[in-house]
Amino acid sequence: MSITELNKAQTEKLLEVNDLKMHFPVKGGFFKRTIGAVKAVDGVSFDIKKGETLGLVGESGCGKSTTGRSILRLLDPTDGEVLFNGEDITKLTGKRLRDIRQDIQMVFQDPYASLNPMQMVGDIVSEPIKNYHKNRKGEELKAEVMDLLTRVGLPEDAYYKYAHEFSGGQRQRIGIARALALKPKLIIADEPVSALDVSVQSQVLNLLNELQDEFDLTYLFIAHDLSVVKHMSDRIGVMYLGNIMEVANKSSIYAEPLHPYTQALISAVPDASKIGQKRERIVLEGDVPSPENPPSGCPFHTRCPKAMDECSKTKPQLKEVKPGQHVACLLYE
Amino acid sequence: MKNSQSNVNHDPLLQVKGLETAFSIEGKDHNAVDGVSFNVEKGKIVGIVGESGCGKSVMSLSVMNLLPKGIGKIRNGEVLFEGRNLEGLDDKEMNKIRGKDISMIFQEPMTSLNPVFTIGYQLEEVLHNHFKLSKKEAREKVVQLLSAVGISRADRIVDEYPHQLSGGMRQRVMIAMAIACQPKLLIADEPTTALDVTVQAQILELLQDIQKKNDMAIIFITHDLGVVSETCDEVIVMYAGRIVERTDVQRLFHSPKHPYTELLMGAIPRLEEQKDMLATIDGIVPSLTKMPEVGCRFANRCPKAMKECTTVTPKLAKNEEGHEVACLLYESSRPEEEVLR
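Just so it is clear, the structure is predicted and the values come from calculations on it, not from any experiment.

1. Brief notes about the overall build of chain B
Along chain B, the regular secondary structure elements total 11 helices and 12 strands. Its C-alpha radius of gyration of 21 Å places chain B within 12% of the 20 Å reference for a compact globule of 341 residues. Along the three orthogonal principal directions, the C-alpha set of chain B runs to about 70 × 50 × 50 Å. Taking all 341 residues of chain B together, the buried fraction comes to 45%.

In structure tokens form, the structure reads like this:
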């Protein structure tokens, strides 16, 4: 690939994650030496194109949130690279890292814990702007923040209120307004609706979709609820025990899931539209193994209904099995 | 209650009649459950759905007589279990029923088990309360129960503590505890909400197996319509302390009648279809102190609300198909004096 071609390929991709690893040391013994590691994220690769929504889905403990946090460098990854507009975030320090964080913002799961109870909503939302643009202040800043608040569906007088005066859904809107304040390019939404009731959940999902068009946003959407992820995403990555098992666009992943784990996951979702039909559910045995001591070979082989002998020996790599559908499974080698 | 099964005129297993449960807030009583009536037949699974704050859990606590003392109380109505009124039973008598005839599993498998006792000890406690068993017999029974709920190393788990188990395993232990005395009615309050989908699938399968084996009735409280569609026979939709719709599961999902039910169904993204926009319901469930006195409690959020919705309280009534709904859009829901006028 020539350099110009390389540049072109990279400008299309807003974010590229290559072999990202995040291992947390386990300390023990008398001298608190490192005696092991929790491999929360163990070699994850994916990319997100401009304007696209990539959904990351998986059960609790599969490393999806850790992946999101490592991209923002809220956690320092152990290994691998995160290219944002072609620039490796993992190697950045100081001012450049601070600058790039303007472009990547996060919406958190818990709308109760992620807002400062001592601050007025206006201050919460204007803080990122004050932080990066010292020259913007006074009435001009206030008008801008009020504009943001109305844009996410809050009344203007929300500016003078405190977080506890709002319901869960409204608080999540405050969190979204704060994430939008710096006009970011990429928003990492980590389980943004899992704490909300269904009727409120749908409001927030609709809002996120509208904002994506309006502000030209790219989303990394992390959630455990497959129906929600499918509704929001263009492409979906399925994670298990720190690894991506399958990535494909959403229609193919639901129409024809290839990885046995994806198949089990989809069949486990109770679905009201299939009422009255008896369907075969693949019920997985047992629990997710500990990431401190993951199984050898394919991480899923201990629970896989289609496991073969070699699955415990060889770790499968993510490969394009069908156009646009990447699977890490020895069945498709 | 020795009716044979062929007897058509048998009493339902559980009858709730005009139940009103109030909480006292600043000296005033406010009804969290407001005039709820329904029956649960033997061996049936009844789902209760609604948003948080709809009174689902308060209702189940009222049935079990587990309301926080001094704060919540049953103001009106009665709860009949096999024809016997549970109201007014003292704690001692109620304890003979709780755990034996009616038992309950809760949402939080993490906090419902005592962290300082072994799994075995906590299960044996239930058995000792209701049966005369020797230590050895009790332990054997516990191991049996744990294997029945699909725990593989049952003989070792009995000596372990709750923190050593995963969420799914703890919920299995809770289920083992709930079915230890083969209850006739199990109240499951959001039993899978804290669990992952694959584990949820395991637990739902297990509950359905046990239900069939023991011919047990289940009241299944959840906010997840998907779960309801796969497990329940009958569904009750609650809003702000009242039942707004009640029918069998097929009919509810094919032709929901109440605007609240319709919106609730439109609001969930589904795997099978792609919607551009999800239905939303403006506002939130009114808080207890701000409940409207008259009229439909959903009126201020309802897109189909009419003028009279805030002045006339709709009653829950059956249409020809046996579909019960409380909404003024349907003639049957008009209170009698209105019809006369």
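And the narrative resumes.
2. Quick word on the interface of chain A and chain B
Chain A puts 32 residues into the contact, and the matching count from chain B is 37 residues. Looking at the side of chain A that touches chain B, the elements that each hand over two or more residues are α7 (198-215), α8 (226-232) and α10 (260-268) of chain A. Per-element tally for the side of chain A that touches chain B: the top contributor is α7(A), with six residues. Split into classes, the residues belonging to the side of chain A that touches chain B amount to 14 nonpolar, 11 polar and seven charged.

3. Some words on the confidence of the model for chain B
Note: predicted coordinates in regions of low pLDDT should not be interpreted at a detailed level. Residue-level pLDDT values for chain B average 87, and 96% of them are 70 or greater. Least confident of the elements in chain B is helix α11 (residues 336-340) of chain B, whose mean pLDDT is 57; most confident is strand β3 (residues 45-49) of chain B, at 95.

4. Let's talk about helix α5 (residues 138-151) of chain A
Residue and element names in this part refer to chain A. Between its first and last C-alpha, α5 extends 20 Å over 14 residues, near the 20 Å set by a 1.5 Å rise per residue. Within the sequence span of α5, burial applies to V145, L148 and L149. Projected down its long axis, α5 carries its buried residues within an arc of 100°, all on one side. For α5, the exposed residues set more than 90 degrees away from the buried face come down to E139, E140, A143 and D147.

5. Description of the sheet that holds strand β6 (residues 104-107) of chain A
Residue and element names in this part refer to chain A. Here we have eight strands laid out as an open sheet, ordered β6-β7-β8-β3-β9-β10-β12-β11, and mixed in their pairing. The open sheet has two free edges, formed respectively by β6 and β11 (319-322), since each of these has just one partner strand. Shown here is a sheet whose adjacent strand axes are inclined to one another by a mean of 25°, direction ignored. The strands that helix α6 (residues 168-180) touches are β6 and β7 (186-190); relative to β6, the one it contacts most, it runs at about 175°. Along the sheet, α10 contacts β9 (235-240) and β10 (243-249); its crossing angle with β9, the most-contacted strand, is approximately 100°.

6. Description of the domain arrangement of chain B
When the parts of a complex come together, some accessible area is lost, and that lost area is often taken as the interface size. All names here are of chain B. With domains assigned, chain B is organised as domain 1 (14-101 + 181-340) and domain 2 (111-180). Between the C-alpha centres of domain 1 and domain 2 there is a distance of 30 Å. Per-element tally for the side of domain 1 that touches domain 2: the top contributor is helix α7 (residues 197-214), with seven residues. In the side of domain 1 that touches domain 2, the residues fall into 11 nonpolar, four polar and one charged.

7. Things to note about the environment of B:P259
Residues and elements named next belong to chain B. Within the element layout of this structure, P259 appears in helix α10 (residues 259-267). A residue is classified by how many C-beta atoms lie within 10 Å of it, and P259, with 22 of them, is buried. Once you skip the residues sitting within four places of it in the chain, P259 turns out to touch C302, P303, K304 and C327.

8. Let's talk about the environment of B:K275
Residue and element names in this part refer to chain B. Secondary-structure assignment places K275 in the loop between α10 and β11 (317-318). A count of 12 C-beta atoms within 10 Å places K275 in the exposed class. Through-space distance from the C-alpha of K275 to that of Q122 is 48 Å; in sequence the pair is 153 residues apart.

9. A closer look at helix α4 (residues 135-148) of chain B
All names here are of chain B. Taking 1.5 Å as the rise per residue, α4 with 14 residues should run 20 Å; its terminal C-alpha atoms sit 20 Å apart, in good agreement. What α4 keeps buried is the set A138, V142, L145 and L146. In an axial view of α4, the angular spread of the buried residues amounts to 95°, which keeps them on one side of the axis. Counted as exposed and oriented over 90 degrees from the buried face of α4: K136 and Q144. Buried residues belonging to α4 abut α3 (119-130), α5 (154-157) and α6 (167-179). Note on α4: the residue one or two positions beyond its end, G150, has a positive phi of about 80°.

10. So, the packing of α3(B) against α6(B)
All names here are of chain B. Where α3 contacts α6, the axes come no closer than 9 Å and their chain directions differ by 20°. As the angle between them shows, α3 and α6 are arranged roughly parallel. Crossing of α3 over α6 shows right-handed handedness. Counting all contacts with α3, which are made through I119, Q122, L123 and V126, the residues of α6 involved are V173, A176 and M177. When the residues that make up the contact of α3 with α6 are grouped by side-chain class, the tally is six nonpolar, one polar and no charged.

11. Observations regarding the UniProt feature "domain: ABC transporter" (unreviewed entry) in chain A
Under the local residue numbering, the UniProt record ascribes the feature "domain: ABC transporter" (unreviewed entry) to residues 15-266 of chain A. Between the first and last C-alpha atoms of residues 15-266 of chain A the distance is 27 Å; the span itself is 37% helix and 29% strand.

12. A closer look at unusual backbone geometry
Phi angles above zero are rare outside glycine, and A:E191 is one such case at about 50°. Turning to its location among the elements, A:E191 is positioned in the loop between β7 and α7. Of note in this structure, B:E82 is not a glycine but carries a positive phi near 50°. Looking at B:E82, the number of C-beta atoms within 10 Å reads 18, which means it is partly exposed.

13. Comments concerning the sheet that holds strand β5 (residues 84-85) of chain B
Residues and elements named next belong to chain B. Taken in spatial order, the four strands of this open sheet run β2-β1-β4-β5, and their pairing is antiparallel. On the outer flanks of this sheet lie β2 (28-40) and β5, each paired with one strand and no other. For strand β4 (residues 72-81) and β5, the ladder comprises two bridges, and the chain directions are antiparallel. Looking at β5, one finds that L80 is bridged to N85.

14. Points about the pairing of β4(B)
For a regular strand, side-chain orientation follows a simple rule: the groups alternate between the two sheet faces. Residues and elements named next belong to chain B. As paired strands, strand β1 (residues 14-25) and β4 are joined by eight bridges and run antiparallel to one another. Following the sheet pairing, A22 is matched in β4 by K73. Taking the residues between adjacent antiparallel strands as the criterion, β4 and β5 are bridged by two residues, where E82 takes a positive phi near 50°.

Scoring rules and cut-offs
Starting from 1, residues in each chain are numbered consecutively following that chain's sequence as written. By the order in which they are written, chains take letters starting at A while ligands take numbers starting at 1. Predicted model: local features are reported for residues with pLDDT of at least 70 only, side-chain atom pairs are reported and counted for 80 or more only, and whole-chain, interface and lining totals are derived from all residues. Secondary structure follows DSSP: runs of H or I at least 4 residues long count as helices, runs of E at least 2 residues long count as strands, and numbering of each begins at the N terminus. Every radius of gyration here is taken over C-alpha atoms, with the globule rule written as 2.2 Å times N^0.38, N being the number of residues. Each residue is classed by its C-beta neighbour count within 10 Å, where at least 20 other C-beta atoms makes it buried, 12 or fewer makes it exposed, and intermediate counts make it partly exposed; the C-beta atoms are placed from backbone geometry. Placing a C-beta atom from the backbone of each residue, one calls two residues in contact when those atoms lie within 7 Å. In this classification, Asp, Glu, Lys and Arg are treated as charged, Ala, Val, Leu, Ile, Met, Phe, Trp, Tyr, Cys and Pro as nonpolar, and every other residue, Gly included, as polar. Note on scores: pLDDT gives the predictor's confidence for each residue, bounded by 0 and 100. By this rule the span expected of a helix is its residue count minus one, scaled by 1.5 Å. Along the arc lie the directions from the helix axis toward the C-beta atoms. Here, any two strands with at least 2 DSSP bridges between them count as paired. For helices, the axis comes from a line fit to the C-alpha atoms of the stretch in contact; other axes are also lines fit to C-alpha atoms, and the angle between any two N-to-C directions lies between 0 and 180 degrees. These domain limits were set by an automatic method or by a database of domain assignments. Reported orientations rely on four angle classes, namely roughly parallel under 35 degrees, roughly antiparallel over 145, roughly perpendicular from 65 to 115, and oblique for the rest. The handedness criterion is simple: a crossing whose near helix is rotated anticlockwise from the far helix by less than a right angle is left-handed, and one whose near helix is rotated clockwise is right-handed. UniProt positions are given in the numbering used here, feature names are shortened, and annotations may be inferred rather than shown by experiment.

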